[in-house]
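As a plain string of letters, each chain reads:
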Amino acid sequence: MTSETAQPLAPDDGADASAAEFTVHRPRMFGLAYRMLGSAEEAEDTVQDAYLRWSGADRAAIAHPAAWLATVVTRLSLNRLASARAKREEYAGPWLPEPVFTRDGALGTLESAERRDAVSTALLVLLERLTPTERAVYLLREAFAYTHREIAGVLELGEANCRQVYGRAVRRLERPEARFAPAEEQRHRLVESFVGAAREGDLAGLERLLAEDVVWWSDGGGRVSAARRPIVGRDAVLRFLAGVGRRTEEGTEVALAEVNGAPALVSHREGTLLAVTAFEVRDGAISCARAVMNPDKLAFAGRQFAGGSVLG
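Residues numbered from 1 in each chain as written. Predicted model: local features only at pLDDT ≥ 70, side-chain atom pairs only at ≥ 80, totals over all residues. Heavy atoms only, no water.

Novice: Explanation requested: the overall build of the chain in the structure shown.
Specialist: When helices and strands are tallied, the chain shows 13 helices and six strands. On C-alpha atoms alone, the chain measures out to a radius of gyration of 22 Å, which is about the 20 Å that the 2.2 N^0.38 rule sets for 312 residues. Here the C-alpha coordinates of the chain stretch approximately 75 × 50 × 40 Å along the principal axes. Contacts in the chain between residues at least 24 apart in sequence constitute 67% of all its contacts with a sequence separation of at least 6. Surface accessibility of the chain: about 15,800 Å² in total, with carbon and sulfur atoms responsible for 49%. Seen as two clouds, the 39 positive and the 44 negative side-chain charges of the chain have centres 6 Å apart. (Helix = DSSP H or I, 4+ residues; strand = E, 2+ residues; numbered from the N terminus. Rg over C-alpha atoms; globule rule 2.2 N^0.38 Å. Contact = heavy atoms within 4.5 Å. Areas by Shrake-Rupley, 256 points an atom, 1.4 Å probe, with all protein chains shown as cover. Lys, Arg positive; Asp, Glu negative; His and termini not counted. Charge placed at Lys NZ, Arg CZ, Asp CG, Glu CD.)

As structure tokens, then:
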């Protein structure tokens, strides 16, 4: 090959290599942004912004690409969180994180209970208690095993300060019930039974699965009909579900899927995702349900659903 034919290929080769290297890190960066923001759509935008910075950077000066990208994604996420908090204060009804189907590895490998818990809907809801900085410190430490020194470098804070922020975050997230979390097999069996009872419209079966003090949250975002306040208590939840059953359009189906590392109920009709409901289990019964129905929040999961291989 002559120099004349080789020269035009060099820029493309470099661009391809840059894109290929970024692709290796993309799942981890998406997982970080999603945990920070609770929004898969915003996480995708954040990762895309990170790619633009990556493609324009002098990679010869980047000794550790994974660390460099994590720093960029964390800082971009912190910027987004400031405006996101303002929007959530004006949100119509309860705000819940966007669901993500995880059987295909969208949020990384979730082979342990600890990793599944790190992306659970329950934890993402609790993370809303934290300030953006607390959230970043906690996630980098717990979900990505960063040292306090490394976190200090990412956030441009003192190491001692990071330790204090982390301790404060842990105290604010304290979950006594987490120490008594059910076995994965038991939780799967309960949710599977709930999906089966919901499919058959079996209210008596649903009643047996619900804790007496169960709480049902619905996130319609003002886009679809949904309860604006949490529904508390088994009897109230059963009345609510009976009403939902009467209003459900013909052709609507329910199925079981892995969402945020745990079994969940998926409602769909004619290939369109309508709702995703995540559950918490305590003492052998369903203690909390969180249903996301806002179409905007189902956009990412809807694309996953359309691609198939997420149910079951």
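Novice: Whenever I open this one, the packing of aromatic side chains confuses me. Can you help?
Specialist: Aromatic ring pairs: the centre-centre distance and the angle between the two ring planes describe each pair. Summed over the entire model, instances satisfying the criterion amount to nine aromatic pairs. On the basis of an interplanar angle of 20° and a centroid distance of 5.3 Å, the ring pair of F30 and F300 is categorised as stacked. Within this pair, whereas F30 is found in helix α2 (residues 9-37), its partner F300 is found in helix α13 (residues 299-306), the two being separated by 270 residues in sequence. According to the relative accessible area criterion, F30 is buried, its value standing at 8%. Among the aromatic residues, ring-to-ring pairing joins F194, W216, F240 and F279 into one connected group. (Phe/Tyr/Trp six-rings, centres within 6.5 Å; stacked < 30°, edge-to-face > 60°. Buried < 20%, exposed > 50% of the residue type's maximum accessible area, 1.4 Å probe, protein only.)

Novice: When you look at the pattern of salt bridges in this model, what are you seeing that I'm missing?
Specialist: Two side chains bearing opposite charge may form a pair once their charged atoms approach each other closely. Within this structure, the stated rule accounts for 16 salt bridges. A salt bridge links E128 to R88; the shortest N-O distance between them is 2.8 Å. Within this pair, whereas E128 is found in the loop between α6 (121-126) and α7 (132-142), its partner R88 is found in helix α4 (residues 65-89), the two being separated by 40 residues in sequence. We classify R88 as buried; its relative accessible area is 15%. Connected through salt bridges with shared partners, the residues E41, E44 and R303 form a single ionic network. (Salt bridge = Lys/Arg side-chain N within 4 Å of Asp/Glu carboxyl O.)

Novice: When you look at the confidence of the model for the chain in this model, what are you seeing that I'm missing?
Specialist: If pLDDT is low for a region, its predicted coordinates should not be looked at in detail. Mean pLDDT for the chain: 88, with 92% of residues reaching 70 or above. Across the chain, element-level confidence peaks in strand β2 (residues 231-232) with a mean pLDDT of 98 and bottoms out in helix α1 (residues 3-6) with 36. Counted against residues more than four places away or in other chains, residues 1-11, with its pLDDT under 50, gives one contact. (pLDDT = per-residue confidence, 0-100.)

Novice: Just to check I follow, could you spell out the nonpolar core for this structure?
Specialist: One recurring pattern in soluble globular proteins: nonpolar side chains tend to sit buried together. Residues L127 and Y138 are the most contacted members of the largest nonpolar core, which totals 47 residues. Contributing elements (two or more residues each) for this core: α2, α3 (40-55), α4, α6, α7, α8 (148-155) and α9 (159-172). Among the elements that line this core, the one with the most residues is α2, at eight residues. Discounting residues that sit within four places of it in the chain, Y138 has contacts with L123, L127, L130, A143, Y166, A169, V170 and L173. Of all hydrophobic cores here, the second largest spans 24 residues; its members include L206, V214, A227 and F240. (Core = buried A, V, L, I, M, F, W, Y, C linked by side-chain atoms within 4.5 Å.)

Novice: What is the right way to look at helix α12 (residues 234-247) in this model?
Specialist: In an α-helix, one turn spans 3.6 residues; hence positions three or four apart end up facing the same way. Its 14 residues give α12 an end-to-end C-alpha distance of 20 Å, which sits within 8% of 20 Å, the value for a rise of 1.5 Å per residue. Elements that come into contact with the buried residues of α12 comprise α10 (184-200), α11 (203-209), β1 (210-219) and β2. (Expected span 1.5 Å × (residues − 1).)

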